[in-house]
There are 2 protein chains.
Amino acid sequence: MAGTDQLSAVFSALSDPTRRAIIAELADRDATVTELTAPLSISMPAVSRHLKVLERAALISRSRSGKWRASHLESAPLREAADWIERYRRLWDASLTRLDAHLAAVQAADRATDRTADDPRDPE
Amino acid sequence: MAGTDQLSAVFSALSDPTRRAIIAELADRDATVTELTAPLSISMPAVSRHLKVLERAALISRSRSGKWRASHLESAPLREAADWIERYRRLWDASLTRLDAHLAAVQAADRATDRTADDPRDPE
DNA sequence: CCTTCATTTAACCAACCAGTTAAGCGTATT
DNA sequence: AATACGCTTAACTGGTTGGTTAAATGAAGG
């Protein structure tokens, strides 16, 4: 898994297409192992282990009801992962829009001959 | 890497903390292999291979300038990855909101025998 | 109680991953 | 031309992964 931290576990879990298919399925509705196995072309033990991986990454929680175990998608880790990506993607995009911001700042300063100008740039 | 598709490659690349550190570095500025190696506690060949992984996932591009090779962050794959996550996270959140809305509606109807009720819950 | 159904664990395999050191390659620098 | 520098490739190691089949667990039902 490379790292043992939360983010590494989440990205590692998401790196498998089968697990992403499972997540897509669980986005609609909670499902049992048998239900999740049906559309996939792998054995139930394999699915069971994928679920274990997803569970260890906290991407899903599971509840037992009789002899069935339902898997339930958790959004928190997905949000964390998306946040991490957005953070750095935005930094990158910032370098593209920095020119725009600069021009805007210049224009603002130009306009601000008689009133206070505020900085268009916002860290984080 | 589990899958050979683009998304799998990107998530797999992001699943390593060293590679995420490299991305964080490259979000600020392009950098050479030596520069990227400095703050890390691993050998240069190791960094070189991490860069290869990032390049294969199209997360970075590289240019040669003299005897230096600069790495440059590409945002497109990051956006794709974030989009995938957001797609399913939003679906999940929607189902929660739906439940909240339902419960709120029920409570509202219950309370609404003599006055108007407003929803205390506010989605993100 | 014995069976059946849903799921997990065990044992095994082939492939991959992240790190190492040592050697190779291509481009300055002297 | 010879040396030094930046980086990559090769060869090896130990640990992990994703799949398999077969056996074990655990709750439900005859």
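For the structure, see preceding data.
The structure reproduced in this document is the subject of the present report. (Residues numbered from 1 in each chain as written. Chains lettered and ligands numbered in written order. Predicted model: local features only at pLDDT ≥ 70, side-chain atom pairs only at ≥ 80, totals over all residues. Heavy atoms only, no water.)

1. Describing the protein's contact with DNA strand D
Here is the rule we go by: Note on definitions. A residue lies near a molecule or strand when any single heavy atom of the residue is within 4 Å of it. Between N or O atoms, a polar contact is any pair within 3.5 Å; within protein, one atom must be a potential hydrogen donor and the other a potential acceptor, and residues adjacent in sequence are included only when both atoms are from side chains. The helix and strand labels rest on DSSP assignments: H or I over at least four residues marks a helix, E over at least two residues marks a strand, and numbering proceeds from the N terminus.
In the vicinity of DNA strand D, 23 residues are found, and the nearest of them are Ser 43, Arg 49 and His 50 of chain A together with Thr 34 and Ser 48 of chain B. In DNA strand D, atoms within 4 Å of the protein come 68% from sugar and phosphate. Note that a phosphate oxygen of DNA strand D is positioned 2.8 Å from one of the side-chain N or O atoms of Arg 19 of chain A. A distance of 2.8 Å is found between a phosphate oxygen of DNA strand D and a side-chain nitrogen or oxygen belonging to Arg 69 of chain B. The set of elements that each furnish at least two residues to the surface near DNA strand D consists of α2 (17-28) and α4 (44-56) of chain A together with α3 (33-37), α4 (44-56) and β3 (68-73) of chain B.

2. Remarks on the pattern of salt bridges
Residues and elements named next belong to chain A. Filter applied, for reference: Salt bridges are defined by distance alone: a side-chain nitrogen of Lys or Arg within 4 Å of a carboxyl oxygen of Asp or Glu. Burial here depends on accessible area, computed with a 1.4 Å probe over protein chains only, as a share of the maximum for the residue type. Under 20% is buried, over 50% is exposed, and the range in between is partly exposed.
Under the defined criterion, the tally for this structure stands at 8 salt bridges over all chains. Across the pair Glu 55 and Arg 62 runs a salt bridge whose closest N-O atoms are separated by 2.9 Å. A residue is classified by how much of its surface remains accessible, and Glu 55, at 31% relative accessible area, is partly exposed. Residues Glu 86 and Arg 89 are paired through a salt bridge, measuring 2.8 Å at the closest nitrogen-oxygen approach. One end of the pair, Glu 86, and the other, Arg 89, are both in helix α5 (residues 76-111), 3 residues apart, so they sit about a helical turn from each other. You can call Arg 89 buried: its relative accessible area is 10%.

3. Quick notes on the relation of the copies chain A and chain B
To keep things clear, this is the line we draw: In superposing the copies, a least-squares fit is computed on C-alpha atoms, taking residues whose pLDDT is at least 70 in both.
Between chain A and chain B, the superposition needs a rotation of 180 degrees and an axial shift of 0.0 Å, giving an RMSD of 0.1 Å. The operation mapping one copy onto its partner corresponds to a two-fold rotation axis.

4. Side note on the protein's contact with DNA strand C
Neighbouring residues of DNA strand C: 23 residues in total, closest Thr 34 and Ser 48 of chain A together with Ser 43, Arg 49 and His 50 of chain B. Restricting attention to atoms of DNA strand C within 4 Å of the protein, one finds that 68% of them are sugar or phosphate atoms. In the model, a phosphate oxygen of DNA strand C is placed 3.2 Å from a nitrogen or oxygen of the Val 33 of chain A main chain. Mapped onto the surface near DNA strand C, the elements with two or more residues apiece are α3 (33-37), α4 and β3 (68-73) of chain A together with α2 (17-28) and α4 of chain B.

5. Let's talk about the environment of Leu 14 of chain B
Heads up, the rule is: The criterion used for residue contact is that any of the two residues' heavy atoms lie within 4.5 Å.
Of note, Leu 14 of chain B is situated in helix α1 (residues 6-14). For the pair Leu 14 of chain B and Leu 78 of chain B, spaced 64 residues apart in the sequence, the C-alpha separation amounts to 9.5 Å. When neighbours within four sequence positions are excluded, Leu 14 of chain B is seen to be in contact with Phe 11, Trp 84 and Ile 85 of chain A together with Arg 20, Ile 23, Leu 59 and Leu 78 of chain B.

6. Re the nonpolar core
As a reminder of what qualifies: For this analysis, a nonpolar core means a set of buried residues of the types Ala, Val, Leu, Ile, Met, Phe, Trp, Tyr and Cys, connected via side-chain atoms within 4.5 Å.
Formed by 52 residues in total, the largest nonpolar core has its most connected members in Leu 14, Leu 59 and Ile 85 of chain A together with Leu 14, Leu 59 and Ile 85 of chain B. When residues no more than four places from it in sequence are discounted, the contact partners of Leu 59 of chain A are Val 10, Ala 13, Leu 14, Ile 23, Leu 54, His 72, Leu 73, Glu 74, Pro 77 and Leu 78 of chain A.

7. Overview of the packing of α2 of chain B against α4 of chain B
Residues and elements named next belong to chain B. This is how it is decided: Axis lines are fitted to C-alpha atoms, over the contacting stretch for helices. Their N-to-C directions set the angle, which ranges from 0 to 180 degrees. Under this scheme an angle from 65 to 115 degrees is roughly perpendicular, one under 35 degrees roughly parallel, and one over 145 degrees roughly antiparallel; angles in between are oblique. Lys, Arg, Asp and Glu make up the charged group, whereas Ala, Val, Leu, Ile, Met, Phe, Trp, Tyr, Cys and Pro make up the nonpolar group; the residues left over, Gly among them, are polar.
For the pair α2 and α4, interaxial distance at closest approach is 10 Å and the crossing angle is 75 degrees. Accordingly, the angle class assigned to the pair α2 and α4 is roughly perpendicular. When α2 is examined against α4, the residues Thr 18, Arg 19, Ile 22 and Ile 23 are found in contact with a partner set consisting of Val 47, His 50, Leu 51, Val 53 and Leu 54. Its residues assigned to classes, the contact of α2 with α4 shows 6 nonpolar, 2 polar and 1 charged.

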